[in-house]
Each structure stands twice: as structure tokens, then as C-alpha cells.
Amino acid sequence: AGVASPAVPWGLGLAFTAAAAALVALAVAPRASAAGWGAAALLLATPTFLVQGFSQEADVPMAALLLAAVVPLARRLDGGEAPPPAVAGAALGLLVWTKNEGALWALLVVAAYLIAGRRRALREFGALAAAAAPGVLALVLFKLLAAPERGLGAESFLTGDLPARLADPDRWRDVVAALST
């Protein structure tokens, strides 16, 4: 075995960072305009955004995929030109893979679209869900078959008298002390 090259993760970081900036530009102005370019430039001028983009963490990819889902759906709600809902669905299917929060964001995006879009969103839900399904199914299979137990799904969290632990004042005192430092 050799030494792993950082070129691939750096390249992926660059791709997601550029995608996030491009999607911000599209969100501000769907056609190339000074406002869109300015919004992208403001995002790229943020030093922490660039650092995060190359940090090999999932925050920037999650943001880029969230934008890739939200921008087309928002355009559809506005009645403007927009890609089909399957494009947003595919982005949501990938979003669930980024972090645990990605699954929560995907659910929130779908719920918001269904509430805001009403009948049109309900008609388009099948295409959106079908495009997201492969990513969601792969994540569910991974979580059930391969992922180690931790967090809320871990047996150690669910065993014992959960209501008593949640009502324990010493536990909450420790939480408040930890959060106030």
C-alpha cells in the first residue's frame, strides 16, 4: 500500500464549494447577472466557507446538495423555469448520505414543498420521491446492515428507565453547566 493522495478529496471539496457558490448565484438570479455573481462572490469571500470546503467534512457538500434541491423547488413554486422535480429528488437522495442532519433537512424540504406547493406539489411528489428513493433506500440498508449503533438508535441510549433519566435534575444541571462554559 502506498500513500493516499489528497488530490481526490481536494477535488471533491473544490467541486462542492464551486457548486454551492453557483447555486447561490442561481438562487439570487436565475440568469447570469451582476446580483447572482455578487452573491456567489460574497459566499466565496467568506474565509471559513473556503476552509470548510476543503476540510473533508460534510458541511459544504450538505449545503450544496440542499441548495440543489431547494433552488429548483422554489423556482417551481414561483412558476418560473425550473428543472423537473426529479432533479431535486436526486439531490435529496444524495443529501441523506452527507450527515445525519442531511436526512432531517431532506424531510423538512419535502414537507415545506408539499405544504407550500399544495396540489401541484402533490402531483409532483411521485417523481420527487422516485428520484430520491435510491439514496434513501441505500442509506436505510446501510444503517440497518452495516452502520455501528450509536446516537439515538444505540441500545445503550434506549435501555433502562428513560423517563427517569430525563427527569433527573442532576443530569440537567450537568447539561446546563457544560453548555454555559
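All figures in this text were calculated on a predicted structure; none of them were measured in a lab.

Here the focus is the side chain of Arg 75. The topology assignment puts Arg 75 in helix α4 (residues 59–78). Asp 78 provides the closest opposite charge to the buried, unpaired Arg 75, separated from it by 4.5 Å. Within the structure, the side chain of Arg 75 is placed 3.2 Å from the backbone oxygen of Ala 27, a separation counted as a polar contact. For Arg 75, the contacting residues outside a window of four places in its chain are Leu 26, Ala 27, Ala 29, Pro 30, Gly 80, Glu 81 and Ala 82.

Here we come to the packing of aromatic side chains. Within this structure, the stated rule accounts for one aromatic pair. With a centroid separation of 5.7 Å and 45 degrees between ring planes, the pair formed by Trp 97 and Phe 142 is classed as tilted. Highlighted residues: Trp 97 in the loop between α5 (85–95) and α6 (100–145) and Phe 142 in helix α6, separated in sequence by 45 residues. The exposure class of Trp 97 is partly exposed, given its relative accessible area of 39%.

Procedures and definitions
- Residues numbered from 1 in each chain as written.
- Predicted model: local features only at pLDDT ≥ 70, side-chain atom pairs only at ≥ 80, totals over all residues.
- Heavy atoms only, no water.
- Helix = DSSP H or I, 4+ residues; strand = E, 2+ residues; numbered from the N terminus.
- Buried < 20%, exposed > 50% of the residue type's maximum accessible area, 1.4 Å probe, protein only.
- Lys, Arg positive; Asp, Glu negative; His and termini not counted.
- Salt bridge = Lys/Arg side-chain N within 4 Å of Asp/Glu carboxyl O.
- Polar contact = N/O pair within 3.5 Å; in protein donor to acceptor, adjacent residues only side chain to side chain.
- Contact = heavy atoms within 4.5 Å.
- Phe/Tyr/Trp six-rings, centres within 6.5 Å; stacked < 30°, edge-to-face > 60°.

All we've got here are geometric facts, nothing functional implied.
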